[in-house]
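Notes for the structure review
These are the residues of each chain, in order.
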Amino acid sequence: MSIDLRRLAAAALLGFSACTTLIPLAQAAADEQFIPLATYRVGPYASSGIPWWAGEIDYFRYINEVEGGINGVKLVWQECETEWKPDRTVECYERFKGGLNGAPVAFFFTHSTPASYALMDRGHADRIPLIDGGGGRTESTDGSVFPYAFPVLLNYYSQASVGINYIASQEGGLDQLKGKKIVTVYHDSAYGRETQGPMKLLAEKYGFENIQIPVADPGLEQSAQWREVRQLKPDWIFLRTWGASTPVGIKTAARFGIAVERIIGDVWAGSEADVIPAGAAAKGYKALAPFPGGDGFEIHQRLRQHILDTGKSDLRDQDFFGKVYYNVGLINAAIAVEALRAGQAKFGNRPLNGEEGRWAFEHLDIDAARLQALGFEGLLQPISLSCSDHEGGGAARVQQWDGEKWTPVTDWVEADRELLRPLIEEKSAAYAREKGITPRDCGQES
């Protein structure tokens with residue numbers, strides 16, 4: 001069944017106010033682990049946020065009700081509406097950082113690159129890890145300088161590298177990229193500009209022509225950009241947009257006769273919310289997917305049995321079950337739960353504070369066997385974090401839109417993290433100098 005995104009907007013308007021508000025839930029207790037949720041169920045990004053939070057909450061509910069919590073420690077959460085605005089996310093962070101009724105905070109989901117930037121100094125000062133799966137500040141991959149920031153799973157540099165490695169696989173190898181013309185159409189923001197450094201590095205190494213074309217927010221008119229793309233006649237196009245600018249980009253590209261099969265969206269331009277509004281123009285479009293779409297994974301069977309079919313799901317429209325943003329929520333929640341589990345193995349089966357949460361994330365190790373046990377095989381890549389590596393994954397699948405659903409067309413495509421690391425360390429060292437930070441000795445901590 002095709003999805004009507006207007007239903008999400010209607011649900012947002014009916015269910016939430018436009019101001020920064022708390023959504024009340026059950027009261028916390030000191031023997032519970034508090035997980036703050038800075039959500040955006042209203043505003044321009046509600047179509048992404050509504051299924052996202054449903055996925056997270058459904059998984060937390062599954063852990064509580066089916067597994068009895070994490071080693072007996074129940075999870076409790078509370079929402080704070082932000083509309084994806086960094087200043088409101090900062091307000092929510094300040095409100096939540098001290099915990100809830102004695103239940104401590106072990107980490108804070110920023111779920112927004114601008115919010116990750118805005119909170120960087122506060123998280124460090126308060127010793128509360130900032131978690132931003134598939135986003136965040138890329139140089140915070142270097143935990144020696146950024147002990148409390150985790151761009152887990154796939155940072156922006158890795159996204160650029162995965163995209164190039166996928167293109168190389170279609171062209172016959174990395175040596176075949178020489179002389180190719182690759183255009184990046186990007187959201188002109190801190191998020192969109194994050195991949196400029198790695199694309200320059202990759203172009204110098206492999207000899208392709210690297211062309212960057214910005215789209216100003218909100219990106220509702222892109223004729224000039226796609227007219228330029230048509231004139232350039234690139235071999236491939238990397239689309240790094242967000243929100244409404246993505247379907248506008250896809251439709252405008254089609255209007256200018258550009259083959260959608262040569263366009264690859266990045267992580268945040270690869271959901272149902274990005275392709276359904278584009279209609280027929282999106283059929284054949286591809287995107288990077290560290291959070292693949294689909295409801296055929298083992299975890300979905302468990303959730304359907306224990307949460308959806310029992311009427312306990314946060315998802316009001318079950319057509320969105322297993323869609324990309326629902327799965328984003330599932331994966332973020334699973335990573336958080338497994339990190340808490342790792343922390344309990346050291347500190348005891350009790351709620352963790354922020355400093356203990358940092359240790360927990362730096363010792364997170366989800367291997368293939370654990371993925372199978374969790375029911376996430378094929379949905380989540382193996383991930384292992386450390387003091388020096390706050391990303392831990394570095395791969396994505398590529399999925400393609402067939403007009404009705406996303407279908408993975410590759411296995412996990414790895415980024416060239418070794419090549420990218422000096423660029424990350426260069427930026428983290430500059431940040432350390434600016435802030436007067438003495439980097440940790442990760443070798444000693446290991």
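Provided above is the structure to which this section pertains.
Sequence positions are assigned chain by chain, starting from 1 and proceeding in written order. With pLDDT at 70 or above as the cut-off, local features in this predicted model cover only qualifying residues; side-chain atom pairs require 80 or more to be listed or tallied, and sums for whole chains, interfaces and linings still use all residues. The side-chain numbers reported here are obtained from all heavy atoms of the structure, hydrogens and water having been left aside.

Topic: the packing of helix H5 (residues 156-171) against helix H7 (residues 196-206)
Geometrically, a packed helix pair is captured by the angle between its two axes and the distance between the axes. The convention used is that axes are lines fitted to C-alpha atoms, helices contributing only their stretch in contact, and that angles between N-to-C directions extend from 0 to 180 degrees. Think of it this way: any DSSP run of H or I at least four residues long counts as a helix, any run of E at least two long counts as a strand, and we number them from the N terminus. Put simply, H5 and H7 touch, their axes get as near as 8 Å, and they point 40° apart. Considering the relative orientation of H5 and H7, their crossing is right-handed. Contacts from Tyr157, Ala160, Ser161 and Ile164 in H5 reach Pro198, Met199 and Leu202 in H7. Considering only residue class, the contact of H5 with H7 consists of six nonpolar, one polar and no charged. For any helix crossing, the convention is left-handed if the near helix is rotated counterclockwise from the far helix by under a right angle, and right-handed if that rotation is clockwise. Two residues form a contact once any of their heavy atoms are found within 4.5 Å. In this classification, Asp, Glu, Lys and Arg are treated as charged, Ala, Val, Leu, Ile, Met, Phe, Trp, Tyr, Cys and Pro as nonpolar, and every other residue, Gly included, as polar.

Regarding the pairing of strand E9 (residues 236-240)
Extensive coverage of E9 is indicated by the burial of five of its five residues. Both faces of E9 are covered, namely the face carrying Trp236, Phe238 and Arg240 and the face carrying Ile237 and Leu239. Here five bridges tie strand E7 (residues 181-187) to E9, and the two strands are oriented parallel to one another. Its bridge partner being in E9, Val185 is matched across the sheet by Leu239. Bridge count for E9 against strand E10 (residues 263-265) is three bridges, and the pairing is parallel. What sits directly across from Phe238, in E10, is Ile264. The handedness of the E9 to E10 crossover, carried by helix H9 (residues 245-255), is right-handed. For the exposure calls, accessible area comes from a 1.4 Å probe over protein chains only, and a residue counts as buried if that area is under 20% of its type's maximum, exposed if over 50%, partly exposed in between. Strand pairing follows a simple DSSP-based rule, namely that at least 2 bridges must link the two strands. Note on handedness: a clockwise path from strand one over the helix to strand two, with the strands aimed away from the viewer, defines a right-handed crossover.

Examining the pattern of salt bridges
Any carboxyl oxygen of Asp or Glu that lies within 4 Å of a side-chain nitrogen of Lys or Arg is treated as forming a salt bridge with it. On inspection of all chains with the given rule, the structure shows 29 salt bridges. In this structure, the salt-bridge partner of Arg240 is Asp266, at a minimum N-O distance of 3.1 Å. Of this pair, Arg240 sits in strand E9 while Asp266 sits in the loop between E10 and helix H10 (272-275), and the two are 26 residues apart along the sequence. Take Arg240: its relative accessible area is 0%, and that puts it in the buried class. By relative accessible area, Asp266 is classed as buried at 0%. Connected via shared salt-bridge partners are Glu67, Glu338, Arg341 and Arg370.

Comments concerning the nonpolar core
We define a nonpolar core as any set of buried Ala, Val, Leu, Ile, Met, Phe, Trp, Tyr and Cys residues linked to one another through side-chain atoms lying within 4.5 Å. Core analysis: the largest hydrophobic core is formed by 108 residues, its most contacted members being Tyr59, Trp226, Trp268, Tyr285 and Phe376. When residues of this core are assigned to their parent elements, the largest contribution, 13 residues, is made by helix H12 (residues 324-347). Residues within four places of Phe376 in sequence aside, it is in contact with Tyr59, Ile299, Leu330, Ile331, Ala334 and Leu371. Formed by 16 residues, the second largest nonpolar core is a distinct cluster that contains Ala28, Tyr93, Phe96 and Ile128.

Topic: the side chain of Ser158
For Ser158, the position within the fold is in helix H5. Apart from residues lying up to four places away in sequence, Ser158 is in contact with Glu391, Gly394, Ala415, Arg417 and Leu420.

Topic: the environment of Lys312
Assignment of secondary structure puts Lys312 in the loop between helix H11 (298-308) and H12. Taking the C-alpha atoms as reference points, Lys312 and Gly102, 210 residues apart in sequence, are found 26 Å from one another. When near neighbours in sequence (up to four residues on either side) are disregarded, Lys312 contacts Asp58, Arg61, Glu65, His306 and Ile307.

Focus: the state of the cysteines
The definition used for a disulfide is geometric: two cysteine sulfur atoms within 2.5 Å. Counted according to the given criterion, the structure contains two disulfides. With its sulfur 2.0 Å from that of its partner, Cys80 forms a disulfide with Cys92. An S-S torsion of about -75° defines the bridge between Cys80 and Cys92 as left-handed. Here Cys92 lies in helix H3 (residues 86-96) and Cys80 lies in strand E3 (residues 75-81), a separation of twelve residues in the sequence. Summarising the burial analysis for this pair, Cys80 and Cys92 share the class buried. There is a disulfide in this structure between Cys387 and Cys442, and the S-S distance comes to 1.9 Å. Between Cys387 and Cys442, the S-S dihedral sits near -65°, and the bridge is therefore left-handed. Of this pair, Cys387 sits in the loop between strand E13 (383-384) and strand E14 (395-401) while Cys442 sits in helix H16 (residues 442-445), placing them 55 residues apart in sequence.

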